[in-house]
Amino acid sequence: MSQARYGQDTERTYDRAGFGAPVRRGDRPAIVVVDLTRGFTEDRFPSGADLTEVVGATSDLIEAGRPAGVPVVFTTIAYTAAEATGDAVTWLHKARGMRALVEGSEEVTIDPRLPHGARDHVIAKKGASAFFGTTLASLLTGLGRDTVLVCGATTSGCVRATAVDAVQSGFSVLVPRECVGDRAAGPHEANLFDIQAKYGDVIGLEDAIAYLSALPGQAS
């Protein structure tokens with residue numbers, strides 16, 4: 001792999017350790033859109049940032065997969081009022097700003113700029129990974145999927161956690177760089193580096209769209 005942007009010493013260390021080999025790309029992918037909800041994609045919310053470009057790129061990716069019937073799974077973090085105000089969710093003691101993500105609020109609504117329709121799946125979660133405590137793994141297996149394109153927010157949190165759990169669940173992982181975003185550039189870049197080194201391939205949107213466009217037409 002080439003990680004020269006992080007320095008030659010880092011590149012040599014990771015190459016010596018044998019990290020960064022390309023993943024196997026299957027012919028039955030799914031797109032998992034992690035938490036591109038208004039609480040994360042709009043900077044008017046304390047938990048959010050302006051992810052307009054990420055939303056646009058993810059929309060382009062979804063539309064590229066439609067002709068081949070590539071299934072799309074959207075996730076949202078949503079807490080009950082009791083969870084948001086109480087002590088039951090340990091994560092909320094650390095990430096207190098997440099307490100605003102209450103069921104039924106604007107913050108947990110999927111960004112309306114995304115091409116989200118009745119054919120798409122929606123999973124609500126309480127933690128970082130889209131797999132933890134949800135039916136995502138069984139859903140992808142039931143759909144016969146072998147590869148997951150992970151999009152969404154944030155790169156350093158829920159995207160990375162989802163990528164790790166995806167490969168641990170037996171799926172090849174592709175992360176289109178333009179389709180993920182974070183609140184700050186440093187954590188974003190560091191976690192893309194980590195995903196590329198150990199868990200999946202960080203690729204360009206053009207490459208991802210070409211991959212989907214080359215799939216044979218199929219029903220989801």
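Higher on the page you've got the structure.
Residues numbered from 1 in each chain as written. Predicted model: local features only at pLDDT ≥ 70, side-chain atom pairs only at ≥ 80, totals over all residues. Heavy atoms only, no water.

## Observations regarding the overall build of the protein
The helix and strand tally for the protein stands at nine helices and seven strands. Relative to the 2.2 N^0.38 estimate, which gives 17 Å for 220 residues, the radius of gyration of the protein is 17 Å and therefore close to what a compact globule would have. Dimensions of the protein, computed from the C-alpha atoms along their principal axes, are close to 45 × 45 × 30 Å. Looking at the protein as a whole, 54% of its 220 residues qualify as buried. Within the protein, contacts between residues at least 6 apart in sequence are counted, and of these 76% link residues at least 24 apart. Accessible area for the protein stands at about 10000 Å²; split by element, carbon and sulfur atoms hold 52% of it. Side chains of the protein give 21 positive and 27 negative charges; the mean places of these two sets differ by 4 Å. (Helix = DSSP H or I, 4+ residues; strand = E, 2+ residues; numbered from the N terminus. Rg over C-alpha atoms; globule rule 2.2 N^0.38 Å. Buried < 20%, exposed > 50% of the residue type's maximum accessible area, 1.4 Å probe, protein only. Contact = heavy atoms within 4.5 Å. Areas by Shrake-Rupley, 256 points an atom, 1.4 Å probe, with all protein chains shown as cover. Lys, Arg positive; Asp, Glu negative; His and termini not counted. Charge placed at Lys NZ, Arg CZ, Asp CG, Glu CD.)

## Thoughts on the packing of helix H7 (residues 155-168) against helix H8 (residues 185-198)
Contact pair H7 / H8: the axes reach a minimum separation of 9 Å and the direction vectors enclose 15°. One finds that H7 runs roughly parallel with respect to H8. In the crossing of H7 with H8, the sense of the turn from one axis to the other is right-handed. The residues of H8 that touch H7, namely those facing Thr155, Ser156, Val159, Arg160 and Ala163, are Pro187, His188, Asn191, Leu192, Asp194 and Ile195. Split into classes, the residues belonging to the contact of H7 with H8 amount to five nonpolar, four polar and two charged. (Axes fitted to C-alpha atoms, helices over the stretch in contact; angles between N-to-C directions. Parallel < 35°, antiparallel > 145°, perpendicular 65-115°, else oblique. Left-handed = near helix turned anticlockwise from the far one by under 90°. Nonpolar A, V, L, I, M, F, W, Y, C, P; charged D, E, K, R; others polar.)

## Overview of the packing of aromatic side chains
The description of an aromatic ring pair uses the distance of the two centres, along with the angle that the planes make with each other. In the structure shown here, the tally under the stated rule is three aromatic pairs. Where Tyr14 meets Phe19, the ring centres are 5.7 Å apart and the plane angle is 45°; that geometry is what we call tilted. By relative accessible area, which is 35% here, Phe19 ends up partly exposed. A cation sits over an aromatic face here: Arg25 above Tyr211, 5.7 Å from the ring centre. (Phe/Tyr/Trp six-rings, centres within 6.5 Å; stacked < 30°, edge-to-face > 60°. Lys NZ or Arg CZ within 6 Å of the ring centre and 35° of its normal.)

## Re the packing of helix H3 (residues 52-65) against helix H9 (residues 205-213)
Relative orientation of the contacting elements H3 and H9 amounts to 15°, with a least axis distance of 8 Å. One finds that H3 runs roughly parallel with respect to H9. When the axes of H3 and H9 are compared, the crossing they make is right-handed. Contacts from Ala57, Asp60, Leu61, Ala64 and Gly65 in H3 reach Leu205, Ala208, Ile209 and Leu212 in H9. In the contact of H3 with H9, the residues fall into seven nonpolar, one polar and one charged.

## Describing the pattern of salt bridges
Should their charged atoms come close, side chains of opposite charge can pair. On inspection of all chains with the given rule, the structure shows 14 salt bridges. Between Asp35 and Lys125 there is a salt bridge whose closest N-O contact spans 2.8 Å. Note that Asp35 is positioned in the loop between strand S1 (29-34) and helix H2 (38-41) and Lys125 in strand S3 (residues 121-125), a separation of 90 residues in sequence. In this structure, Arg66 engages Asp120 in a salt bridge whose closest nitrogen and oxygen atoms are separated by 2.8 Å. Of this pair, Arg66 sits in the loop between H3 and strand S2 (72-77) while Asp120 sits in the loop between helix H5 (91-94) and S3, and the two are 54 residues apart along the sequence. Residue Asp120 is classed as buried on the basis of its relative accessible area of 9%. One salt-bridge network, in which partners are shared between bridges, spans Arg38, Glu42, Arg44 and Glu106. (Salt bridge = Lys/Arg side-chain N within 4 Å of Asp/Glu carboxyl O.)

## Brief notes about the side chain of Ser129
One can find Ser129 in the loop between S3 and helix H6 (136-142). Engagement of the side chain of Ser129 in a polar contact is seen with the backbone nitrogen of Phe131, the distance being 3.0 Å. Within the structure, the side chain of Ser129 is placed 2.7 Å from the side chain of Asp165, a separation counted as a polar contact. With near-sequence residues (within four places) excluded, Ser129 lies in contact with Ala161, Thr162 and Asp165. (Polar contact = N/O pair within 3.5 Å; in protein donor to acceptor, adjacent residues only side chain to side chain.)

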